[in-house]
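# Remarks on the overall topology
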Number of protein chains: 2
Amino acid sequence: MDNLTVVKIGGNVIDDPAALKRFLAAFAGLPGAKLLIHGGGKVATQMAEKLGIQTTMVEGRRITDQPMLDVVTMVYGGLVNKQIVAKLQALEVNAIGMTGADAGTVLARKRPVKDIDYGMVGDIEEVDSGQIQFFLRQALTPVFAPITYSLAGDLLNTNADTMASAIAVDMCRHNTVTLIYCFEKKGVLSDPSDENSVINVLTPEQYAENKAAGTINKGMIPKLDNAFKALDSGVSKVIICHADELAMAVQQGAGTTLKK
Amino acid sequence: MDNLTVVKIGGNVIDDPAALKRFLAAFAGLPGAKLLIHGGGKVATQMAEKLGIQTTMVEGRRITDQPMLDVVTMVYGGLVNKQIVAKLQALEVNAIGMTGADAGTVLARKRPVKDIDYGMVGDIEEVDSGQIQFFLRQALTPVFAPITYSLAGDLLNTNADTMASAIAVDMCRHNTVTLIYCFEKKGVLSDPSDENSVINVLTPEQYAENKAAGTINKGMIPKLDNAFKALDSGVSKVIICHADELAMAVQQGAGTTLKK
């Protein structure tokens, strides 16, 4: 099987043009087939503010009403996605920007209303990895915005970390997959106040211990839950690293590598 | 050679959800390989207004400074493009939305400054019809937003009519191409005040006469110049018709057909 590197780049890097430029140069330099999933950053929230649309967050998640979905579609699916694609083209990476709706690659369904109505939020139902593989075979580099679609023809806002792991897992049908989460920290930290306390290798047991001790908390928990789930579902390697250390992380010289 | 229908849908239809829905159903029903290029409509201008960005027009053309390019990228490349893709997916058309930057399909260069500095506007240099053909062979239906890119990695605003004819002409390498411009009128009119004075067949000679007489004027002139140029450059048939009459126009039962 071919090697495929699936990279997720987080919102804070998207918000910083110099950091994004450095990251894209490193991404362009990765050998072999690769695929990028980007978050949206604060641009959507800022854009919504300028347009007088209120952002409602419940338990750290954005509630996506129709006006907010339009903003997310514009900013993530349009502005951020196309700027990344054009920059990758200049770096001689033949990027193709898409949402899950494009070529029917990531189908979702609107999250059922239980305690909270998240609005136009999608839970992933199916990844068409055959279609994505077809782009890779053509030497194209898919760049995904975190938006999916429903059979009813609605666009749906979807968590970028979840989308990255769902795509990585399904791509295991065709490839040996490495999944890399790039963000603004150097990896998973054993001491949240010490940027250099990176855990080099993290097992499920260590994760459970650190969670119990409270040293791994907040946003890291859903990220790591996603990551370990991907590892359990066929992904060969998961790395969590700083966006500036992507090249090193691929050589296992930086970041946190998750191990079963 | 296979038949390919290249359809351009104009801005006024994009602005009218009911008209867009009818148009997309007709487009979905077209037999054989097809490709859509959409304009942007007034949404970009309205969005710019809301964001306090001024729209400057010179000789009927939008001047595209960087803030306006960002709006165009968001609205055309994001909102409009992805909404069309999701709706086509629901109509069982496997649409893939793109700009010219995606998969390097339409390369342009920033228009040189002569009397007017149009800003971030692209003149098309090269269409990668081989790449587009590859999507068609995979039973995908490309949906283009009128945005291109430069080798320097900039996105560029590009006239949708021009983009439609440039793509149609280059696709003649692989297909027998019909190019259809859909808009809010029933075709080319011999009397601009009479909606039903549609010229069924228009030759270059009749076009010259009507232009001299002033019955064909304003926005129709660049549209028809583009259209006749496409016909001269290998496109088999060019039709100009109402968005509601696409299905009939394909059978030559509506609209204006251009003839050499």
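Residues numbered from 1 in each chain as written. Chains lettered and ligands numbered in written order. Predicted model: local features only at pLDDT ≥ 70, side-chain atom pairs only at ≥ 80, totals over all residues. Heavy atoms only, no water.

## Quick notes on the overall build of chain A
Applied cut-off: By the criteria applied, helices consist of DSSP H or I runs no shorter than four residues and strands consist of E runs no shorter than two, each listed in order from the N terminus. C-alpha atoms define the radius of gyration in this analysis, and the globule rule sets the expected value at 2.2 Å times the number of residues to the power 0.38. Three labels apply to residues, based on accessible area from a 1.4 Å probe with only protein chains included: buried if under 20% of the type maximum, exposed if over 50%, partly exposed otherwise in between. Note on definitions: a residue-residue contact is assigned when non-hydrogen atoms from the two residues lie within 4.5 Å. Exposure was quantified through the Shrake-Rupley algorithm and a 1.4 Å probe, taking into account, for residues, occlusion by the shown protein chains and nothing else. His is not counted, nor are the chain ends; Lys and Arg add positive charge and Asp and Glu add negative charge. The location of each charge is read from NZ of Lys, CZ of Arg, CG of Asp or CD of Glu.
Scanning chain A for helices and strands turns up nine helices and 14 strands. The C-alpha radius of gyration of chain A comes to 17 Å, within 12% of the 18 Å expected for a compact globule of 260 residues. In terms of overall dimensions, chain A has a C-alpha envelope of 45 × 40 × 35 Å along the principal axes. In chain A, buried positions account for 57% of the 260 residues. The contacts in chain A between residues at least 6 apart in sequence include a share of 68% that link residues at least 24 apart. Accessible surface, chain A as shown: approximately 10,600 Å² in total, 48% of it carbon and sulfur. For chain A, the centre of its 25 positive side-chain charges and the centre of its 28 negative side-chain charges are spaced 3 Å apart.

## Section: the interface of chain B and chain A
Heads up, the rule is: Reported buried area values correspond to the accessible surface (1.4 Å probe) lost by two parts on association, with both partners' losses combined. Between Lys or Arg on one side and Asp or Glu on the other, a salt bridge is scored when a side-chain nitrogen of the former is within 4 Å of a carboxyl oxygen of the latter. Under the rule applied, a polar contact is a pair of N or O atoms within 3.5 Å (in protein, one hydrogen donor and one hydrogen acceptor; residues adjacent in sequence only if both atoms are side-chain atoms).
With 38 residues of chain B at the contact, the number on the chain A side is 38 residues. Overall, the association of chain B and chain A removes approximately 2,900 Å² of surface from exposure, summing both partners, and the carbon and sulfur fraction of that is 69%. The three residues of chain B that bury the most area against chain A are Met74(B), Lys82(B) and Phe134(B), which together make up 20% of that side's buried surface. Taken together, the connections running from chain B to chain A amount to two salt bridges. Asp102(A) is the partner of Lys82(B) in a salt bridge, and the nearest nitrogen-oxygen pair spans 2.9 Å. At the junction of chain B and chain A, the tally comes to 10 residue pairs in polar contact (both at pLDDT 80 or more).

## Notes on the relation of the copies chain B and chain A
Here is the rule we go by: In superposing the copies, a least-squares fit is computed on C-alpha atoms, taking residues whose pLDDT is at least 70 in both.
Overlay of chain B on chain A (RMSD 0.0 Å): rotation 180°, translation along the axis 0.0 Å. The transformation relating the two chain copies, once decomposed into turn and shift, fits a two-fold axis. Distance from the rotation axis, computed per C-alpha, reaches its smallest value in chain B at Gly78(B): 1.7 Å. Interface residue correspondence from chain B to chain A reaches 100%, placing this contact among same-surface, isologous pairings.

## What to know about the pattern of salt bridges
If you walk through the whole model with that rule in mind, you get 18 salt bridges over all chains. One salt bridge in this structure joins Lys223(A) and Asp161(A), with 3.1 Å as the shortest N-O distance. Residue Lys223(A) is located in helix 8 (residues 220–232), and its partner Asp161(A) is located in helix 6 (residues 160–171); the two are separated by 62 residues in the primary sequence. Considered together, Lys223(A) and Asp161(A) belong to a single accessibility category, that of buried residues. Between Asp170(B) and Arg173(B) there is a salt bridge, and its shortest N-O distance comes to 3.0 Å. Exposure remark for Asp170(B): the relative accessible area of 15% places this residue in the buried category. You can call Arg173(B) exposed: its relative accessible area is 62%. Overlapping salt bridges bring together Lys8(A), Asp161(A) and Lys223(A) as one network.

## Observations concerning helix 8 (residues 220–232) of chain B
Residue and element names in this part refer to chain B. Note the threshold: One fewer than the residue count of a helix, multiplied by 1.5 Å, yields its expected span.
Across its 13 residues, helix 8 extends 18 Å between first and last C-alpha, which sits within 8% of the 18 Å expected from 1.5 Å per residue. Turning to helix 8, its buried residues are Met220, Lys223, Leu224, Asn226, Ala227, Phe228, Ala230 and Leu231. Backbone geometry just downstream of helix 8 places Gly234 in the positive-phi region, at approximately 120°.

## A look at the UniProt feature "site: Transition state stabilizer" (unreviewed entry) in chain A
All names here are of chain A. How we decide: UniProt positions are given in the numbering used here, feature names are shortened, and annotations may be inferred rather than shown by experiment.
Residues annotated in UniProt with the feature "site: Transition state stabilizer" (unreviewed entry) correspond here to Lys8 and Lys223. The annotated residues occupy 216 residues of the chain but converge on a single region, no pair of C-alpha atoms lying more than 11.0 Å apart. Lys8 sits in the buried class, given a relative accessible area of 6%. If sequence neighbours within four positions are ignored, Lys8 has contacts with Ile37, Gly39, Ala160, Asp161, Ala164, Ile180, Tyr181, Cys182 and Lys223. A distance of 2.5 Å separates a polar atom in the side chain of Lys8 from a polar atom in the side chain of Asp161. Contact partners of Lys223, with chain neighbours within four places excluded, come to Lys8, Asp161, Tyr181 and Phe183. Side chain to side chain, Lys223 and Asp161 meet in a polar contact 3.1 Å long.

## A few points about the sheet that holds strand 1 (residues 2–9) of chain A
Where strands meet in a sheet, backbone hydrogen bonds hold them as pairs that are either parallel or antiparallel. Residues and elements named next belong to chain A. The criterion, for reference: Criterion used throughout: strands pair if DSSP finds at least two bridges between them. To get an axis, a line is fitted to the C-alpha atoms, and for a helix only the part in contact is used. The angle between two axes follows their N-to-C directions and goes from 0 to 180 degrees.
Reading across the sheet, the eight strands line up as 5-8-2-1-11-13-14-12 and stay open at both edges, with mixed pairing between neighbours. What marks the edges here is a single partner per strand, and that holds for strand 5 (95–98) and strand 12 (201–202). Two elements, strand 1 and strand 11 (residues 175–183), share eight bridges in a ladder whose sense is parallel. Of the residues in strand 11, the one forming a bridge with Asp2 is Asn175. Against the sheet, helix 8 makes contact with strand 1, strand 11, strand 12, strand 13 (237–242) and strand 14 (256–258), and its axis sits at roughly 170° relative to strand 11, the strand it touches most.

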